[in-house]
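# Structural overview for review
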Amino acid sequence: MMTKYRRNGARVVAVAATGALLAGCGNAGTKAEEDPKPSNSVRQAGEPVDPSGTPEPKKPAETKEPGALPSAYEFTPDPARVPRTAAEARKLTRNAALGEADWTSGMVRGTPYETAGTWTVLADSCVWSRSALPGGVLDSFTRRLDVPAKDGKGRVRGSVTVTVHKTVEGADREIKDTVQESFRCPSQELGGGQRLSGLMSLQFDQKDVRNADASLFEAGKYTGPGSGGTQDYVWSKSRIGPVTTAVSVKGAKGYETTDLLRIAAEGGAKVLYRVELELK
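A brief structural summary. (Residues numbered from 1 in each chain as written. Predicted model: local features only at pLDDT ≥ 70, side-chain atom pairs only at ≥ 80, totals over all residues. Heavy atoms only, no water.)

Here we come to the layout of surface pockets. The computed volume of the largest pocket comes to approximately 1,200 Å³. Lining the largest pocket are 46 residues, with T120, W128, R130, S159 and T161 sitting closest to its centre. Residue composition of the lining of the largest pocket, by class: 13 nonpolar, 22 polar and 11 charged. (1 Å grid on protein atoms, 1.4 Å probe; cavity = no way out; pocket = protein on both sides within 12 Å on 5 of 7 lines; lining within 4 Å. Points joined across faces, edges and corners; volume = space filled by probe spheres on them. Nonpolar A, V, L, I, M, F, W, Y, C, P; charged D, E, K, R; others polar.)

Attention now moves to the packing of aromatic side chains. What the rule picks out here adds up to one aromatic pair. A centroid spacing of 6.4 Å and a plane angle of 50° characterise the contact between Y73 and F75, whose relative ring orientation is tilted. Here the guanidinium or amino end of R94 rests over the ring plane of F141, the centre of that ring lying 4.3 Å away. (Phe/Tyr/Trp six-rings, centres within 6.5 Å; stacked < 30°, edge-to-face > 60°. Lys NZ or Arg CZ within 6 Å of the ring centre and 35° of its normal.)

Now for the sheet that holds strand β10 (residues 243-250). Ordered in space as β1-β4-β5-β10-β9-β8-β7-β6, the eight strands form an open sheet in which the pairing is antiparallel. Edge positions in the open sheet fall to β1 (108-116) and β6 (188-191), since each of these has one partner strand only. On average, each strand axis in the sheet is tilted by 20° relative to the strand beside it, whichever way the strands run. Bridge count for strand β9 (residues 231-240) against β10 is eight bridges, and the pairing is antiparallel. (Pairing = 2+ DSSP bridges. Helix = DSSP H or I, 4+ residues; strand = E, 2+ residues; numbered from the N terminus. Axes fitted to C-alpha atoms, helices over the stretch in contact; angles between N-to-C directions.)

This next bit is on the pairing of strand β2 (residues 118-122). In the sheet, β2 pairs with strand β3 (residues 128-132) via five bridges, with the strands oriented antiparallel. In the sheet register, V121 faces β3, and the bridge partner there is S129. Connecting β2 to the antiparallel partner β3 that follows it, the hairpin turn spans five residues, and C126 within it adopts a positive phi of roughly 65°.

Below, the structure written as structure tokens:
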């Protein structure tokens, strides 16, 4: 999956390993609560017993531990709940996007808090800008949520974006195009003095994704006003039907990569669960 990268092999392995945390996050309160299915190896009533006349001891049925991940992603959106108009899409994106009390404890509103109805474009110069929504997109909505600076640690900047496409194919194209962007622009300018560098992306094999139809992970370095120097950066994007979600976390002084991954994984799982609620 990573053969297109001509960079340090250890770096590729590290990105793949850390990204697995995001791909494997299960849905909160859904699959893990299903009734456990009995193991195929359990002998049912009326089946033959040992020739000696002594029944073979029954093997215990296999059960799922609380919070266990499903073996595959099996959610199918209700066609009647899939947005067909811009108004329906706006309702979904606002309901699914996380607020300051929804992500992780202690988060506050970032600046600007919300951005709606626009589309980000990465130019050939590797500088990001915003434009009108493309024809195949019904709505896109972003909220910025930060972990404030305290106890000697800097301010972690997070964001969550929910986008509704007109078709599943359009949403899937967004996923594929995103992976190619880091190949084309391993360094990117976000505006306002913010810069990403050393970017590496991978799209997960579907068999490794447990809470979406498709997911990708990106990691790199971030610098910007108030960042306190070069910090780690993690980002994930996922798709359920025609809806995509994206969660980014920009690091700060005092935070390890594992801290950022935990924050991103928590936000990613929660927003995907909320999308499911809107589509079921």
